[in-house]
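So the chains spell out like this:
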Amino acid sequence: MEHPNATRMRRTVGAFVSGDIPGLLRGFADDVVWYAPGDTPVSGTFRGHEGIVRFFSGLDEGSGGSMDVEVDDVLAGDRHVTVFLNISADRHDERVSVVVAQVASVDDRGRWDRCWFLPDRLPEWNRFFAGASSGQR
Amino acid sequence: MAEHPNVPRIRCALDVYNSGDYDAMKAFMADDIVWHVGGNHEMSGDYHGVDAVLGYFRDVRRKTAGTLQVEAEEILANDRHASIFTHVTAHRDVRTLDVVLAEALTLDDRGRWSEYWALANDQEAVDAFWT
């Protein structure tokens, strides 16, 4: 039987994929901290629900709404969860295709309170989203 | 829930890493391992193959005079993937590193590490430490 935190994480990812922002935010603690690598509009430390919305809106905007997200695997314990996501997006003649390990710690109410967003091929990810920030969409 | 066999295997690998016996680390790595070091510092980049990764480990040990230690807060693993929440501390001259690293691993069919990538909770501190 799947760990409840794995089921919760699948629900959170599903909410993002379907554009269900309230459903997405229900998964996160009010004071969530979200770490994303690189040097793009979707890089840095994002705090609180406002930060989560800003991060995911940035992904959607930067990919021109083309982002495809598939859950490949979920690892879950009582305190941490990691979901491995196959993420791809296209913008004009550019394409990004990465495996993202999205790592989260769990607060005492079962909500994500610290999250790390780890694309495996960071240079490729940076190039794609840096282009978006410089008006190359 | 029973612990997956790859969890104690990774715990053992971290102990070996902390001991500095890098030749013994070979047993945990696939020959064609790819090790991604993120950030924006002199160690950033991709290391391909066991020898390159061990060279990176030795470089880290030399630059930190053997002070870098990793302590797993939690290890998650199944047959294909692993994830480690690691408290990393090190000293380098007057600089100190104290961060939590979220690490992701893909595993081959023998449980050996085939790809590694990670992100710290304070990447700027990591960049400053290595630069």
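Residues numbered from 1 in each chain as written. Chains lettered and ligands numbered in written order. Predicted model: local features only at pLDDT ≥ 70, side-chain atom pairs only at ≥ 80, totals over all residues.

Colleague: Help me understand the overall build of chain B, please; the structure alone is not making it clear to me.
Modeller: The helix and strand inventory of chain B stands at four helices and six strands. Its helices and strands in sequence order give chain B the pattern α-α-β-β-α-β-β-β-β-α, from N to C terminus. Over its C-alpha atoms chain B spans a radius of gyration of 14 Å, differing by no more than 12% from the 14 Å that the globule rule assigns to 131 residues. The principal-axis extents of the C-alpha atoms in chain B amount to approximately 45 × 30 × 25 Å. Counting every position in chain B, which comprises 131 residues, the buried fraction comes to 28%. Once local pairs closer than 6 in sequence are excluded, the contacts in chain B between residues at least 24 apart make up 48%. (Helix = DSSP H or I, 4+ residues; strand = E, 2+ residues; numbered from the N terminus. Rg over C-alpha atoms; globule rule 2.2 N^0.38 Å. Buried ≥ 20, exposed ≤ 12 C-beta atoms within 10 Å, placed from the backbone. Contact = placed C-beta atoms within 7 Å.)

Colleague: Can you walk me through the nonpolar core in this structure?
Modeller: Within soluble globular proteins, side chains that are nonpolar tend to cluster in buried spots. Counting 62 residues, the largest nonpolar core has Trp34(A), Val81(A), Cys115(A) and Leu118(A) as its most contacted members. Setting aside residues no more than four positions away along its own chain, Cys115(A) makes contact with Val32(A), Trp34(A), Tyr35(A), Gln102(A), Val103(A) and Ala104(A). (Core = buried A, V, L, I, M, F, W, Y, C linked by C-beta atoms within 7 Å.)

Colleague: Looking at this structure, I do not really get the confidence of the model for chain A. What am I missing?
Modeller: The predicted coordinates of low-pLDDT regions are not to be read in fine detail. The predicted model of chain A averages 91 in pLDDT, with 95% of residues at 70 or higher. Counting interchain partners and residues more than four positions distant, the pLDDT-below-50 stretch residues 133–137 of chain A has six contacts. (pLDDT = per-residue confidence, 0-100.)

Colleague: Got a minute to help me understand the sheet that holds strand E1 (residues 29–37) of chain B in this structure?
Modeller: Backbone hydrogen bonds are what pair the strands of a sheet, in a parallel or an antiparallel way. Residue and element names in this part refer to chain B. If you walk across this open sheet you meet the six strands as E2-E1-E6-E5-E4-E3, and the pairing is mixed. Looking at strand neighbours, the two that pair on one side only are strand E2 (45–48) and strand E3 (69–77), the edges of this open sheet. Each strand axis lies, on average, 20° off the axis of its neighbour in the sheet, ignoring direction. Here three bridges tie E1 to strand E6 (residues 113–120), and the two strands are oriented parallel to one another. Each bridged residue has a counterpart across the sheet, and for Trp35 the counterpart in E6 is Tyr116. (Pairing = 2+ DSSP bridges. Axes fitted to C-alpha atoms, helices over the stretch in contact; angles between N-to-C directions.)

Colleague: Which parts of the structure should I look at to understand helix H3 (residues 48–62) of chain A?
Modeller: Three- or four-residue spacings in an α-helix give side chains the same orientation, since the helix completes a turn every 3.6 residues. Residue and element names in this part refer to chain A. The end-to-end C-alpha distance of H3 is 21 Å, a good match for the 21 Å that 15 residues give at a rise of 1.5 Å each. Of the residues making up H3, those classed as buried are Ile52, Phe55, Leu59 and Gly62. Down the axis of H3, the sector holding all buried residues measures 115°, keeping them to one side. Just downstream of H3 lies Gly64, where phi reads positive at about 60°. (Expected span 1.5 Å × (residues − 1). Arc of directions from axis to C-beta.)

Colleague: Just checking my understanding: could you explain the environment of Arg95(B) for this structure?
Modeller: All names here are of chain B. In this fold, Arg95 is placed in strand E5 (residues 95–107). By the C-beta count within 10 Å, which is 13 here, Arg95 ends up partly exposed. Considered as a pair, Arg95 and Phe129 are 34 residues apart in the sequence and their alpha carbons are 6.3 Å apart.

Colleague: Quick question: what am I supposed to make of helix H3 (residues 50–63) of chain B here?
Modeller: With 14 residues, H3(B) extends 20 Å between its outermost C-alpha atoms, agreeing within 8% with the 20 Å of an ideal straight helix rising 1.5 Å per residue. Just beyond H3(B), the residue with positive phi is Ala65(B), at close to 50°.

Colleague: For this particular structure, what's the right way to read the interface of chain B and chain A?
Modeller: Interfaces are often sized by the amount of accessible area the parts lose when they come together. Opposite the 18 residues of chain B that make contact, chain A presents 16 residues. Going through the elements one at a time, E3, strand E4 (81–92), E5 and E6 of chain B are the ones with two or more residues in the side of chain B that touches chain A. Sort the elements by how many residues they give to the side of chain B that touches chain A and E6(B) lands first, with four residues. Of the residues assigned to the side of chain B that touches chain A, the class counts are eight nonpolar, seven polar and three charged. (Nonpolar A, V, L, I, M, F, W, Y, C, P; charged D, E, K, R; others polar.)

Colleague: How should the sheet that holds strand E2 (residues 44–47) of chain A be read in this particular structure?
Modeller: Residue and element names in this part refer to chain A. The mixed open sheet is built from six strands, whose spatial order is E2-E1-E6-E5-E4-E3. The sheet is open, and its two borders are formed by E2 and strand E3 (68–76), each paired with just one other strand. Taken over all neighbouring pairs, the strand axes of this sheet differ in orientation by 20° on average, direction set aside. In this sheet, strand E6 (residues 112–119) lies alongside strand E5 (residues 94–106) in antiparallel orientation, the contact comprising seven bridges. Opposite Val100, over in E6, you have Pro119 as the bridge partner. The sheet contacts of helix H1 (residues 4–17) involve E3, strand E4 (80–91) and E5, and relative to E3 the element is tilted by about 170°.

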